[in-house]
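Residues per chain are reported as follows:
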Amino acid sequence: MEAVGPGTCDGGDAALGAEGRPAPEARVHFRVTRFIMEAGSFAKCIRKDGSASSYTPYICLEDPCEPGVKLGMRSIPIATACAIYHKFFCEIDLDAYDPYLVAMSSLYLAGKVEEQRLRTRDIINVSNRYFHPDSEPLELDSRFWELRDSIVQCELLVLRVLRFQVSFQHPHKYLLHYLLSVKNWLNRYSWQRSPVSITAWALLRDSYHGGLCLRFQAQHIAVAVLHLALQAYGVEVPAEAEAEKPWWQIYTMDTEIP
């Protein structure tokens with residue numbers, strides 16, 4: 001498995017500090033990408049009686065309830081936002097710009113790239129609720145317009161720094177294809193007993209906390225998380241011992257899935 005991106009981009013020993021612990025920069029990137037994932041993903045609106053309403057992309061309109069302040073982005077736009085964020089800080093020093101502002105602009109830009117456009121007002125309100133859970137949505141005052149202008153200007157900066165190269169090939173479609181193939185190989189009951197699929201998707205999502213999406217090919221990341229999920233639950237691919245090559249080598253060929 002060969003790296004395809006810059007070797008210094010959040011990889012190897014550069015991401016480790018003293019005693020093998022994550023470096024301060026890696027911890028910052030982890031927190032910020034967690035913000036991107038939580039701000040962008042769906043959330044159920046939970047009523048006070050403990051029941052759950054339908055999914056809502058922004059604020060639940062039923063009363064009484066706790067507002068599900070999420071943007072309702074699909075998995076690919078969220079992955080693109082994380083990739084844009086990581087790629088920006090591969091080019092720019094972390095201390096040069098506020099990482100959370102870059103994250104908000106990455107969400108805004110990713111919505112355009114993946115054709116799931118977001119309003120800057122929603123991004124600002126969701127971010128405000130993320131950092132200040134008990135606060136009300138911001139008024140349309142001078143502070144709000146300053147934040148909006150900052151997001152738009154930062155978006156233009158990100159585009160210039162990345163030279164408008166903000167389209168990425170993500171592992172999601174490959175992982176889906178690989179999961180369906182492995183499921184057909186395995187015994188049905190063995191597959192049902194082990195949450196391999198759920199674990200593989202969770203590992204793929206967690207990989208976006210770092211820069212793996214920039215350093216390795218999408219096919220390789222997809223087969224790596226699937227291999228790790230199978231190992232975690234001790235699930236063996238049938239006839240692997242008799243095969244001429246490991247099963248995962250079939251998938252790591254440079255094939256494209258439209």
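Residues numbered from 1 in each chain as written. Predicted model: local features only at pLDDT ≥ 70, side-chain atom pairs only at ≥ 80, totals over all residues. Heavy atoms only, no water.

Per an unreviewed UniProt entry, the protein chain goes by the name Cyclin-Q and belongs to Tursiops truncatus. UniProt annotates the protein chain under Sequence similarities (unreviewed entry) with the comment "Belongs to the cyclin family. Cyclin-like FAM58 subfamily." (UniProt positions renumbered as here; feature names shortened; annotations may be inferred.)

Outline the overall build of the protein chain, supporting the account with residue identities and numerical values.
Across its full length, the protein chain holds 11 helices and two strands. Seen in sequence order, the protein chain has helices and strands lined up from the N terminus as α-β-β-α-α-α-α-α-α-α-α-α-α. Split into buried and exposed, the 258 residues of the protein chain put 45% on the buried side. Taking the contacts inside the protein chain whose residues are at least 6 apart along the sequence as the reference set, 71% of them involve residues at least 24 apart. If you sum the accessible surface of the protein chain, you get close to 14,500 Å²; carbon and sulfur atoms cover 53% of it. (Helix = DSSP H or I, 4+ residues; strand = E, 2+ residues; numbered from the N terminus. Buried < 20%, exposed > 50% of the residue type's maximum accessible area, 1.4 Å probe, protein only. Contact = heavy atoms within 4.5 Å. Areas by Shrake-Rupley, 256 points an atom, 1.4 Å probe, with all protein chains shown as cover.)

Which residues make up unusual backbone geometry, and what values do they have?
Peptide bonds are, in most cases, trans, and in most cases residues other than glycine have a negative phi. A positive phi angle, close to 60 degrees, is found at E115, a residue other than glycine. Locating E115 in the fold gives a position in the loop between α3 (99–113) and α4 (120–131). If you check the backbone angles, R163 has positive phi at about 55 degrees while not being a glycine. Tracing the backbone through its elements, the reader meets R163 in the loop between α5 (142–161) and α6 (172–185).

Which residues make up the pattern of salt bridges, and what are the values?
Inspection of the entire model under this criterion finds three salt bridges. With a closest N to O distance of 3.8 Å, R163 and E91 form a salt bridge. Of this pair, R163 sits in the loop between α5 and α6 while E91 sits in helix α2 (residues 75–91); the two residues are 72 residues apart in sequence, bridging distant segments of the chain. Take E91: its relative accessible area is 43%, and that puts it in the partly exposed class. The partner of K112 in a salt bridge is E155, and the shortest N-O contact between them spans 2.9 Å. With K112 in helix α3 and E155 in helix α5, this pair connects stretches of sequence that are 43 residues apart. According to the relative accessible area criterion, K112 is partly exposed, its value standing at 30%. (Salt bridge = Lys/Arg side-chain N within 4 Å of Asp/Glu carboxyl O.)

Report on the packing of aromatic side chains, specifying residues and quantitative values.
Under the counting rule described, the total for this entry stands at 10 aromatic pairs. Residues F35 and F131 carry aromatic rings whose centres are separated by 5.4 Å and whose planes lie at 25 degrees to one another, so their mutual orientation is stacked. Of the two residues, F35 is situated in helix α1 (residues 24–40) and F131 in helix α4; the sequence distance between them amounts to 96 residues. You can call F131 partly exposed: its relative accessible area is 37%. (Phe/Tyr/Trp six-rings, centres within 6.5 Å; stacked < 30°, edge-to-face > 60°.)

Quick rundown of the nonpolar core? Include the residues and the values.
I36, Y85, L226 and L230 are the most contacted members of the largest nonpolar core, which has 64 residues in total. Broken down by element, the residue count for this core peaks at nine residues, all from α2. The residue makeup of this core includes at least three contributed by each of domain 1 (48–162) and domain 2 (171–252). Among residues more than four places away in sequence, those in contact with L226 are L175, Y178, L179, V182, V196, A200 and W247. (Core = buried A, V, L, I, M, F, W, Y, C linked by side-chain atoms within 4.5 Å. Domains from an automatic or database assignment.)

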